[in-house]
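Remarks on the overall topology
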Amino acid sequence: MTKIIKLPIDLGPQGYVRFVRKVNGGLLATTFLAQVNYLGELRRAYIKIYDHTAQPKAVFNEVLGYLYAQAMGLPSPPVFFLDVPPHDVVASGLPAPISAVRAVATLEAHDPNVATDGAAKTLFDAGSIDLTYIRQRLLSSPAGRALVAFDEVIGNGDRNIGNIVFSWKHGVVAIDHGCILTGPLWTNQSLNSTHDCGNKAFEIINHKQMGNSEKSAV
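Summarised in this report is the structure supplied together with it. Keep in mind that what you see is a predicted model, and the values were worked out from it rather than measured.

A few points about the packing of aromatic side chains
Across all of its chains, the model carries three aromatic pairs by this definition. Note on tyrosine 38 and phenylalanine 80: the rings are 5.1 Å apart at their centroids and 45° apart in plane angle, and the pair reads as tilted. Pair noted here: tyrosine 38 is in strand β3 (residues 30-38) and phenylalanine 80 is in strand β5 (residues 79-84), with a separation of 42 residues, a long-range link. Given the relative accessible area of 0%, phenylalanine 80 is considered buried. Site record: aromatic cluster; members linked through ring pairs are Tyr16, Phe19 and Phe32.

So, in structure tokens, the structure goes:
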């Protein structure tokens, strides 16, 4: 059966509904949570406002990572584009623009009918990360094992516990693809084949010796 790959869509100014709250992290882009009208449904989405002149590759990476995830059967929330009105650009923490700002967005959940536990880092207090628990969640899910292969294929060196999302029934969802393909910038250093893009997902599950069955699964 032919796999249908959904391309990112452009919601324009009609897709944006309202600002919800700022979020922590987002070093590459100013990031906040908003309510959007996605194909006739009110959904929540993470809005990322990149400096498009300095980081066009980060935007390209977000789209390509989403397409790769679909091709590999790895749950990944839809990526799309929309226009953020000036007053909410200011609410996100950026200077007031003259007009609406183009942004890349990702739905908070890949499936509105599947409960999400949240990103792995939100499950623990700072300084008390239980890597054993995260490791078990990754290894117990086919999607978790696929995540390791996915990061290897796309050269993702940024799979921190903030962009691994756990969902109901031990599901694993991949988010945040801005740093794939050796990084977010079109520079000679980042495009060099020796640039560090170590597979952090593999490092997480391999933080202690894996048994034969676990190695086989991965």
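Still more ground to cover, so stick around.
Some thoughts on the nonpolar core
In this structure, Phe32, Val36, Ile47, Phe80, Leu82 and Val84 are the most contacted members of the largest nonpolar core, which totals 17 residues. For this core, the secondary-structure elements that each account for two or more residues are β3, β4 (41-49), β5 and β6 (101-107). When residues no more than four places from it in sequence are discounted, the contact partners of valine 36 are Gly15, Val17, Glu41, Leu42, Arg43, Ala45, Ile47, Phe80, Leu82 and Leu107. Ile134, Leu138, Ala143 and Ile161 belong to the second-largest nonpolar core, a separate cluster that totals 14 residues.

Topic: the environment of asparagine 61
Positionally, asparagine 61 belongs in helix α1 (residues 56-71). In the structure, asparagine 61 is positioned 116 residues away from histidine 177 in sequence and 5.8 Å away in space, judged by C-alpha atoms. Leave out the neighbours within four places in its chain, and asparagine 61 touches His177, Gly178, Cys179, Ile180, Leu181, Gly183 and Pro184. A distance of 2.9 Å separates a polar atom in the side chain of asparagine 61 from the backbone oxygen of glycine 178.

Structural notes on the pattern of salt bridges
Evaluation of the coordinates by the stated rule reveals six salt bridges. Of the charged contacts in the structure, one is a salt bridge between arginine 44 and glutamate 108, with a shortest N-O distance of 3.1 Å. Residue arginine 44 is found in strand β4, and its partner glutamate 108 is found in the loop between β6 and β7 (116-119); the two are separated by 64 residues along the sequence. Owing to a relative accessible area of 36%, arginine 44 belongs among the partly exposed residues under this scheme. Its relative accessible area of 28% is what places glutamate 108 among the partly exposed residues. A salt bridge links lysine 48 to glutamate 62, with the shortest nitrogen-to-oxygen separation between them at 2.8 Å. Of this pair, lysine 48 sits in strand β4 while glutamate 62 sits in helix α1; the two residues are 14 residues apart in sequence, bridging distant segments of the chain. Side by side, lysine 48 and glutamate 62 carry an identical accessibility label, which is buried. Shared partners join several salt bridges into a network, and the residues in it are Asp10, Asp83 and Arg102.

The rules behind each value
Residues numbered from 1 in each chain as written. Predicted model: local features only at pLDDT ≥ 70, side-chain atom pairs only at ≥ 80, totals over all residues. Heavy atoms only, no water. Phe/Tyr/Trp six-rings, centres within 6.5 Å; stacked < 30°, edge-to-face > 60°. Helix = DSSP H or I, 4+ residues; strand = E, 2+ residues; numbered from the N terminus. Buried < 20%, exposed > 50% of the residue type's maximum accessible area, 1.4 Å probe, protein only. Core = buried A, V, L, I, M, F, W, Y, C linked by side-chain atoms within 4.5 Å. Contact = heavy atoms within 4.5 Å. Polar contact = N/O pair within 3.5 Å; in protein donor to acceptor, adjacent residues only side chain to side chain. Salt bridge = Lys/Arg side-chain N within 4 Å of Asp/Glu carboxyl O.

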